[in-house]
Amino acid sequence: MRDCTLLEEIGGLADLDLASLRSRWLGLYGSEAPDRMSRELLIQAVAYRLQEIAFGGLSSVSRATITNGRGSTTTERIRIDRSVKAGTRFIREWQGRTVEVVANGSGGYLYRGCTYRSLSAIAREITGTRWSGPAFFGLTRESNHGPA
């Protein structure tokens, strides 16, 4: 497909009615377009597919970057172990008082005699605002900068 023909075809998509756009989708993607897809999004998707056919799709590196959210070409996700051992103590000073939380063996956290399911719930209890618990207790780089 020549560039000027492609430009004309893409430019003409705006003149097509919804049924014609859905027909173009079916021809290009080999499946029915989603029922609730807007006309504008159909035009964009059909235009993208036309360009993809004419010029080629994304490189494998670009696809991996999009899939993984980083520049790696691997398709596997990195899992960070955030498990905390029972008995781990989290200590933080907040508005002149020392706060101490202890991780229990069942995945919860003990604060002032009550068990909480997450550090975030405890941080909310202490501050009265929504905080990231790991950030509040200094477990992330963004810690101590305010509510998350």
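Notes on the structure in this doc start here.

The rules we used
- Residues numbered from 1 in each chain as written.
- Predicted model: local features only at pLDDT ≥ 70, side-chain atom pairs only at ≥ 80, totals over all residues.
- Heavy atoms only, no water.
- Phe/Tyr/Trp six-rings, centres within 6.5 Å; stacked < 30°, edge-to-face > 60°.
- Buried < 20%, exposed > 50% of the residue type's maximum accessible area, 1.4 Å probe, protein only.
- Lys NZ or Arg CZ within 6 Å of the ring centre and 35° of its normal.
- Pairing = 2+ DSSP bridges.
- Helix = DSSP H or I, 4+ residues; strand = E, 2+ residues; numbered from the N terminus.
- Axes fitted to C-alpha atoms, helices over the stretch in contact; angles between N-to-C directions.

## What to know about the packing of aromatic side chains
Counted according to the given criterion, the structure contains 8 aromatic pairs. Judged by centre distance (6.3 Å) and plane angle (55°), the ring pair of Y111 and Y116 falls under tilted. Both residues of the pair, Y111 and Y116, count as buried. Chaining the aromatic ring pairs together yields one cluster made of F90, W94, Y109, W131, F136 and F137. Directly above the aromatic system of Y29 lies the positively charged group of R49, at a separation of 5.8 Å from the ring centroid. Across from the ring centre of F136, 4.3 Å away, lies the NZ or CZ of R92, which sits over that ring.

## Structural notes on the sheet that holds strand β2 (residues 97-103)
Pairing within the open sheet is antiparallel, and its 4 strands lie in the order β1-β2-β3-β4. Each end of this open sheet is capped by a strand with a single partner; those strands are β1 (89-94) and β4 (114-116). In this sheet, neighbouring strand axes are inclined to one another by 30° on average, regardless of whether the strands run parallel or antiparallel. Pairing between β2 and strand β3 (residues 109-111): 2 bridges, direction antiparallel.

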